[in-house]
Amino acid sequence: MITLLIILLVLVVLVSVYFGVLLWFRDPDLNLRFDFAKLKAIPWRFGKDFLWGSATASHQIEGGCDNNNWFAFESAVDEQGKPRIKDGQKAGLACDSWNRYKEDTQLMKALSLNSYRFSVEWSKIEPKQGEFDQAALDHYDQVVDDLLANGIEPLVTLHHFSNPLWFEQQGAFLQDNSPQIFAQFCERVVQRLGSKVKLWCTINEPSIYAVFGYATAEFPPGEKDYKKAARAFRNMMLSHTAAYQVIKRIRPEAKVGMAVHIHFCDPLNPWNLFDVLVAHLLNKNMNDCHFPYLTKGHFSFSIPGMVNETYSGAEKNAFDFIGLNYYTHSYRKFQPSGSDHFPEVIKLPPDQLSDMGNEMYPAGLYRALKLITRYTSKPIYVLENGIADKADTRRARYIEEHLLVLNKAIADGMDIRGYQYWSLLDNFEWAKGFDMKFGLYKVDFDTQKRTLREGSRKYLEIIQKSKA
Ligand code: IFM
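These remarks concern the structure in this document. (Residues numbered from 1 in each chain as written. Predicted model: local features only at pLDDT ≥ 70, side-chain atom pairs only at ≥ 80, totals over all residues. Heavy atoms only, no water.)

1. Focus on the overall build of the protein
Then, number 1: Assigned secondary structure in the protein consists of 16 helices and 13 strands.
Then, number 2: Taking 23 Å as the expected radius of gyration for a compact globule of 468 residues, we find that the protein reaches 23 Å, a close match to that expectation.
Then, number 3: Seen through its C-alpha atoms, the protein measures out along the principal axes to roughly 90 × 55 × 45 Å.
Then, number 4: For the protein, the residues scored as buried account for 57% of the 468 residues in total.
Then, number 5: Pairs at least 24 apart in sequence give 76% of the contacts found in the protein among residues at least 6 apart.
Then, number 6: A gap of 4 Å separates the mean positions of the 55 positive and 55 negative side-chain charges of the protein. (Helix = DSSP H or I, 4+ residues; strand = E, 2+ residues; numbered from the N terminus. Rg over C-alpha atoms; globule rule 2.2 N^0.38 Å. Buried < 20%, exposed > 50% of the residue type's maximum accessible area, 1.4 Å probe, protein only. Contact = heavy atoms within 4.5 Å. Lys, Arg positive; Asp, Glu negative; His and termini not counted. Charge placed at Lys NZ, Arg CZ, Asp CG, Glu CD.)

Given below as structure tokens:
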């Protein structure tokens, strides 16, 4: 009898510990979903100064980026001899926006956009270390002038995945002096454009750059080493701070932030402790870890038995806003055997996914905003959100549902100042080449003709409604 009681007691303790740990590590917002009919009843809260825009990046649209890490990667092959980019595609002329920027500005105007997020190409501005190309700086100055003349606020990104070859060959952000090297480039750009540009994004998605480049090998330099990924990530965060300091020294009135990619990994089985722990670990390293760095100067990227990268003592609160890039979420499970211990599992049939294979999950935007507000009350700009949808059957719904969620977040008191749809144009989607059609405008890459997609009219409709 006593033995039975002891066994029962032990079982109760084990079950309590199991569920206690599970609930401690499980995101309480895991099952958040919205009733869009109810969200539609919330009055429109976007103020008159709200920035409505679209986003692009130099290597993806400009053309002629032939002196950077991506150019080299596009001609490289992996260990099996396969091209790094789908079907061996190359960015090449891309959307030729270097020459067609005036046409692109008019495309924005036709959609009533009042802001544009674009990046300057470091490899064109500083083709050799310490040598700055005045013609390239002139070019971006003209782009900014053209935007301003058309009532469009420029929001300039200083680093969006592409490095000059010289910097890549030195070891890019693996180098501990990379923050200083990057800050020297930023200084030149801000000296030139700082009287006209008020909003700066220092670095785009450091977590993606670092993990895709150094752990999953989808981005240059195509390596598989979590220790390097963590080091590059850490040095990119430090590079943000160095850039922030330089920009504020030259232009104290500038507003400076970085673009953080938030992608929630949710446990495939929310009652399986191992799935829950895997999801927690990924979210902590890929999402949350930006914020203790930005607010407290403390960086930590750690996977037990694999990597433990930390840094303390960076300047606290060296940012004026948080830029949020949000697209989707995914399900993960724990897999003890094999090379990938936390594979993604897709639950929905392909017709319910974007062309990238992503679930449309607008509630995740709310979760991401909530995560940010747990750390800071500074303003938030959504710097990227969009869908790859060649058939254009889901774009209108994607835009509407995400903007309904954003409106709810504003109604709930969150300080959200702008929304940039990714992307203005179909463009070079990195390792997936030109197959992914994110554009508000379809691009015919043979003729460079741009055509507004039907689904994009929803964006125009919402902008007009918000201004009425
Ligand atoms: O195209 C990219 C962009 O460069 C960075 N954020 C995600 C986008 C869509 O995958």
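2. Examining empty space enclosed by the protein
Then, number 1: Across all of its chains, the model carries 2 cavities of 30 Å³ or more by this definition.
Then, number 2: Considered as a void within the structure, the largest cavity measures approximately 130 Å³ in volume.
Then, number 3: Lining of the largest cavity is provided by 18 residues; of these, Ile61, Ser97, Tyr101, Tyr116 and Val143 occupy positions nearest its centre.
Then, number 4: Each residue belonging to the lining of the largest cavity can be placed in one class, and the counts come to 10 nonpolar, 6 polar and 2 charged.
Then, number 5: Reported here for the second largest cavity is a volume of approximately 80 Å³.
Then, number 6: His329, Glu344, Ile346, Gly357 and Glu359 are the residues nearest the centre of the second largest cavity, which is lined by 13 residues in total.
Then, number 7: Those elements that place two or more of their residues in the lining of the second largest cavity are β8 (321-332) and β9 (344-345). (1 Å grid on protein atoms, 1.4 Å probe; cavity = no way out; pocket = protein on both sides within 12 Å on 5 of 7 lines; lining within 4 Å. Points joined across faces, edges and corners; volume = space filled by probe spheres on them. Nonpolar A, V, L, I, M, F, W, Y, C, P; charged D, E, K, R; others polar.)

3. Topic: the pairing of strand β6 (residues 299-303)
Then, number 1: Only one face of β6 is buried: it carries Phe299, Phe301 and Ile303, and the other face, with Ser300 and Ser302, is open.
Then, number 2: Hairpin remark: β6 followed by strand β7 (residues 307-311), antiparallel, with 3 residues in the connecting loop; positive phi at Gly305, about 80°. (Pairing = 2+ DSSP bridges.)

4. Observations regarding the environment of Arg45
Then, number 1: Among the secondary structure elements, Arg45 is positioned in the loop between α2 (36-40) and β1 (51-55).
Then, number 2: Taking the relative accessible area as the measure of exposure, Arg45 reaches 42% and is therefore partly exposed.
Then, number 3: Taking the C-alpha atoms as reference points, Arg45 and Met286, separated by 241 residues in sequence, lie 31 Å from one another.
Then, number 4: Not counting the four nearest positions on each side in its chain, Arg45 is found in contact with Asn407, Ile410 and Ala411.

5. A few points about the pattern of salt bridges
Then, number 1: Counted according to the given criterion, the structure contains 36 salt bridges.
Then, number 2: Between Arg450 and Asp104 there is a salt bridge, with the nearest N and O atoms lying 3.1 Å from each other. Remark: Asp104 occurs in helix α5 (residues 97-110) and Arg450 occurs in strand β13 (residues 449-452); sequence separation between them is 346 residues.
Then, number 3: Residue Arg450 is classed as buried on the basis of its relative accessible area of 9%.
Then, number 4: Relative accessible area serves as the criterion here: at 2%, Asp104 is assigned to the buried category.
Then, number 5: Across the pair Asp141 and Arg192 runs a salt bridge, and its minimum N-O distance is 3.3 Å. Of this pair, Asp141 sits in helix α7 (residues 134-149) while Arg192 sits in helix α9 (residues 178-193), placing them 51 residues apart in sequence.
Then, number 6: Using a relative accessible area of 11% as the deciding quantity, one classes Asp141 as buried. (Salt bridge = Lys/Arg side-chain N within 4 Å of Asp/Glu carboxyl O.)

6. Remarks on the packing of aromatic side chains
Then, number 1: In this structure the tally under the stated criterion is 37 aromatic pairs.
Then, number 2: Note on Trp98 and Tyr140: the rings are 5.6 Å apart at their centroids and 90° apart in plane angle, and the pair reads as edge-to-face. With a gap of 42 residues between them, Trp98 in helix α5 and Tyr140 in helix α7 connect regions that are remote in the sequence.
Then, number 3: Accessibility expressed as a relative area gives 2% for Tyr140, which makes it buried. (Phe/Tyr/Trp six-rings, centres within 6.5 Å; stacked < 30°, edge-to-face > 60°.)

Scope: geometric values only; no functional claims are made or implied.
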